[in-house]
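Coordinate inspection notes
This is what each chain is made of:
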Amino acid sequence: MSMFNIEMASSTDSSATVDEEARRLYERYQSAESDEERHEIALEMGKLDGRRHAEIYAALEDE
């Protein structure tokens, strides 16, 4: 049980980092001055979301 708690803590730390990165991207998106800039930021958001999902699936496989 303690091993599970350690894994949860590390995934929470990772989630906090991803959440902060997502927040920064969202702020950049809101202040973007062109559709092209918003499109590029949206692509970055998609990559970030993909990394988040990959971490979740990897954690599930370890259980």
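Reference entry: report on the structure contained in this document. (Residues numbered from 1 in each chain as written. Predicted model: local features only at pLDDT ≥ 70, side-chain atom pairs only at ≥ 80, totals over all residues. Heavy atoms only, no water.)

Next up on the list: the overall build of the protein. Tallying secondary structure elements over the protein gives two helices and zero strands in all. The burial tally for the protein puts 8% of its 63 residues in the buried class. Accessible area of the protein: about 5,200 Å², with a carbon and sulfur share of 54%. (Helix = DSSP H or I, 4+ residues; strand = E, 2+ residues; numbered from the N terminus. Buried < 20%, exposed > 50% of the residue type's maximum accessible area, 1.4 Å probe, protein only. Areas by Shrake-Rupley, 256 points an atom, 1.4 Å probe, with all protein chains shown as cover.)

So, about the nonpolar core. One finds Val 18, Leu 25, Ala 32, Ile 41 and Leu 48 forming the largest nonpolar core, which totals five residues. Of all elements in the fold, only helix H1 (2-31) and helix H2 (35-62) reach the threshold of two or more residues within this core. Ignoring sequence-local partners within four residues, the contact set of Leu 25 consists of Ile 41, Glu 44, Met 45 and Leu 48. (Core = buried A, V, L, I, M, F, W, Y, C linked by side-chain atoms within 4.5 Å. Contact = heavy atoms within 4.5 Å.)

Once that is clear, we can look at a negative patch on the surface. Judged by side-chain charge, Glu 33, Glu 36, Glu 37 and Glu 40 come together as a negatively charged surface patch. Relative to the elements of secondary structure, Glu 37 occurs in helix H2. (Patch = residues over 30% accessible without salt bridge, like charges linked within 9 Å, V, L, I, M, F, W, Y side chains within 5 Å. Salt bridge = Lys/Arg side-chain N within 4 Å of Asp/Glu carboxyl O. Lys, Arg positive; Asp, Glu negative; His and termini not counted. Charge placed at Lys NZ, Arg CZ, Asp CG, Glu CD.)

Attention now goes to a nonpolar patch on the surface. There is a patch of nonpolar side chains on the surface, built from Ile 56, Tyr 57 and Leu 60 and spanning about 320 Å² of accessible area. Overall, the relative accessible area of 45% leaves Ile 56 in the partly exposed class.

Attention shifts here to the pattern of salt bridges. Enumeration according to the criterion identifies six salt bridges in this entry. A salt bridge links Glu 44 to Arg 28, with the nearest nitrogen and oxygen atoms 3.3 Å apart. Taken together, the positions of Glu 44 in helix H2 and Arg 28 in helix H1 put the pair 16 residues apart, joining distant regions of the chain. Accessibility expressed as a relative area gives 32% for Glu 44, which makes it partly exposed. With a shortest N-O distance of 2.8 Å, Asp 35 and Arg 38 are connected by a salt bridge.

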